[in-house]
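Structural characterization, general
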Amino acid sequence: MLRALYLAPDGLMVNDLGSDQYETALQETNNMLWVDFVGEPEKTCERIMLEIFKFHPLAVEAALQQIHIPKVDEWDSYIYVALHSIALDKWEEGYIRSLELDMFVGRNYLVTYHKEGIPEIDKIWGASQIDERHLKKGSSNLLYRLADELVAGYMQVTDKVEDDLEEIEDQIFDNPSQQILAQLFTLKRILLHLRRIITPQRDAINNLSRNEYSVIDQQYRIFYRSVYDHLVRLTDIGESMRDLVSSALSSYLS
C-alpha cells in the first residue's frame, strides 16, 4: 500500500495525493508531505525514492533491505533514520519480534517505509488526518511523535512482563510446577530480546537529541531528549526485572 498526506501552503489537507504529484509538492514551500510505503513492491518504492525524492542509492538500498539496527545517517538534504517497533505475536514462545521502520526526513517531507503494518504509524497517521497541526509543525514533529509512540510500545512489554512475573511469584509458593520454570525462562528470553532492541534505539535517539542536523528544528532536540530519557528508564526497569526473574528462579529451585 502506498499512501500520502499533504498539507498545502494554503493550509488545505489532501488525503489522496497521487505519486505523480509528489514532485510538484516537493517544489512548494511552507508545506508538508508525508508518504508511507506499507508492504509495497520494492521496485515501486525504489523508483519513487530514486526518481522523485532523489535519495542516494545506498540509502534506498539500506531502507529496502530492512536489516539494520536503529541508527541515524545524514545525507545532503535529509537524514535517514531506522527505528524499531515491537510485535508481541510470539510472546508465548519467549520471543518478541522487532519491526523495522525506515524514515527519510527532509525539511518539508517525511517518507516512511515498512514491510508490515505498524500500529504506531497508523495512530499518528490517523491523528494527522483529523488534525492538520501535526503536519503543520513539520517533519521534526512527526519524527518525534513516531519515536515517542514506539517507546510507548516498549512500555507495554515491560508492563506485561511485570504482570506475568507477579502471577508466577504467587504460584511459586502456592502451586510450584515445571510449567513455572518454563515461564521464568520465557520471561528471561523476552527481557534479553527487549534489551537488544532498546539499547541501539536509545543510542539513535540520543544522536538526534545531541547532533545539529540541518533538517531538524533545534527546538525539538529537547523533545528527542525526553524520548531518550524514557529509553534510559526502560533500560533500568528491564535490568531490575531481570534481577526479579533470577530471584524468582532461585526461589523456585530452593
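Just above, that's the structure.
In this report, the structure presented in the accompanying data block is examined. (Residues numbered from 1 in each chain as written. Predicted model: local features only at pLDDT ≥ 70, side-chain atom pairs only at ≥ 80, totals over all residues. Heavy atoms only, no water.)

1. Focus on the side chain of asparagine 206
As for its placement among the helices and strands, asparagine 206 is situated in helix 7 (residues 178-210). A distance of 3.2 Å separates a polar atom in the side chain of asparagine 206 from a polar atom in the side chain of arginine 225. Sequence-distant contacts of asparagine 206, that is, excluding residues within four places in its chain, are made with Arg225 and Tyr228. (Helix = DSSP H or I, 4+ residues; strand = E, 2+ residues; numbered from the N terminus. Polar contact = N/O pair within 3.5 Å; in protein donor to acceptor, adjacent residues only side chain to side chain. Contact = heavy atoms within 4.5 Å.)

2. Observations concerning the packing of helix 2 (residues 42-52) against helix 3 (residues 57-65)
Contact geometry of helix 2 with helix 3 gives a least axis separation of 10 Å together with a crossing angle of 150°. Here helix 2 lies roughly antiparallel to helix 3, going by the angle between them. Classified by chirality, the crossing of helix 3 by helix 2 is right-handed. Each of Glu42, Cys45, Glu46, Met49 and Leu50 in helix 2 lies in contact with helix 3, whose residues at this interface are Pro57, Val60 and Leu64. Residue composition of the contact of helix 2 with helix 3, grouped by class: six nonpolar, no polar and two charged. (Axes fitted to C-alpha atoms, helices over the stretch in contact; angles between N-to-C directions. Parallel < 35°, antiparallel > 145°, perpendicular 65-115°, else oblique. Left-handed = near helix turned anticlockwise from the far one by under 90°. Nonpolar A, V, L, I, M, F, W, Y, C, P; charged D, E, K, R; others polar.)

3. Description of a negative patch on the surface
On the surface, Asp159, Glu162, Asp163, Glu166, Glu167, Glu169 and Asp170 cluster together into a negatively charged patch. Looking at the element boundaries, aspartate 159 is found in helix 6 (residues 139-174). (Patch = residues over 30% accessible without salt bridge, like charges linked within 9 Å, V, L, I, M, F, W, Y side chains within 5 Å. Areas by Shrake-Rupley, 256 points an atom, 1.4 Å probe, with all protein chains shown as cover. Salt bridge = Lys/Arg side-chain N within 4 Å of Asp/Glu carboxyl O. Lys, Arg positive; Asp, Glu negative; His and termini not counted. Charge placed at Lys NZ, Arg CZ, Asp CG, Glu CD.)

4. A short note on the packing of aromatic side chains
Geometrically, a pair of aromatic rings is defined through the distance of the ring centres and the angle of the planes. One pass over the structure, following the stated rule, counts 13 aromatic pairs. When the ring of tyrosine 80 is compared with that of phenylalanine 104, the centres are 5.4 Å apart and the planes differ by 45°; the resulting orientation is tilted. One end of the pair, tyrosine 80, is in strand 5 (residues 79-87); the other, phenylalanine 104, is in strand 6 (residues 97-105), and 24 residues separate them in sequence. Like phenylalanine 104, tyrosine 80 is buried. Seen from their ring centres, tyrosine 220 and phenylalanine 223 are 5.1 Å apart, and the 40° between their planes marks the pair as tilted. By relative accessible area, which is 35% here, phenylalanine 223 ends up partly exposed. Among the aromatic side chains, those forming a connected cluster through ring pairs are Tyr22, Phe53, Phe55, Trp75, Tyr78, Tyr80, Phe104 and Tyr109. A cation sits over an aromatic face here: arginine 3 above tryptophan 125, 4.4 Å from the ring centre. (Phe/Tyr/Trp six-rings, centres within 6.5 Å; stacked < 30°, edge-to-face > 60°. Buried < 20%, exposed > 50% of the residue type's maximum accessible area, 1.4 Å probe, protein only. Lys NZ or Arg CZ within 6 Å of the ring centre and 35° of its normal.)

5. So, the sheet that holds strand 1 (residues 2-7)
Overall, mixed pairing links the seven strands, which are arranged 2-1-3-7-6-5-4 in an open sheet. On the outer flanks of this sheet lie strand 2 (13-14) and strand 4 (71-74), each paired with one strand and no other. Alignment of strand 6 against strand 7 (residues 109-114), held across four bridges, turns out to be antiparallel. Looking across to strand 7, one finds that methionine 103 is bridged to threonine 112. (Pairing = 2+ DSSP bridges.)

6. A look at the nonpolar core
Among the nonpolar cores identified, the biggest contains 60 residues, and Trp34, Ile79 and Met103 are the most heavily contacted of them. Listing elements by their share of this core, those giving two or more residues are strand 1, strand 3 (32-38), strand 5, strand 6, helix 4 (119-130), helix 6, helix 7 and helix 8 (221-253). For this core, the leading source of residues is helix 6, giving 13 residues. The contacts of isoleucine 79, once residues within four sequence positions are left out, are Val72, Asp73, Glu74, Met103, Phe104, Val105, Leu208, Tyr213, Val215 and Ile216. Grouped together as the second largest cluster of nonpolar side chains are 27 residues, Tyr22, Met49, Ala59 and Ala82 included. (Core = buried A, V, L, I, M, F, W, Y, C linked by side-chain atoms within 4.5 Å.)

7. Focus: helix 2
Those residues of helix 2 lying buried are Cys45, Ile48, Met49 and Ile52. Burial along helix 2 is one-sided: seen end-on, the buried residues are contained in an arc of 110°. On the buried face of helix 2, the contacting elements are strand 1, helix 1 (22-27), strand 3, helix 3, strand 6 and strand 7. Trailing helix 2 by a residue or two, lysine 54 shows a phi angle of about 65°, which is positive. (Arc of directions from axis to C-beta.)

Geometric values such as these leave the question of function open.
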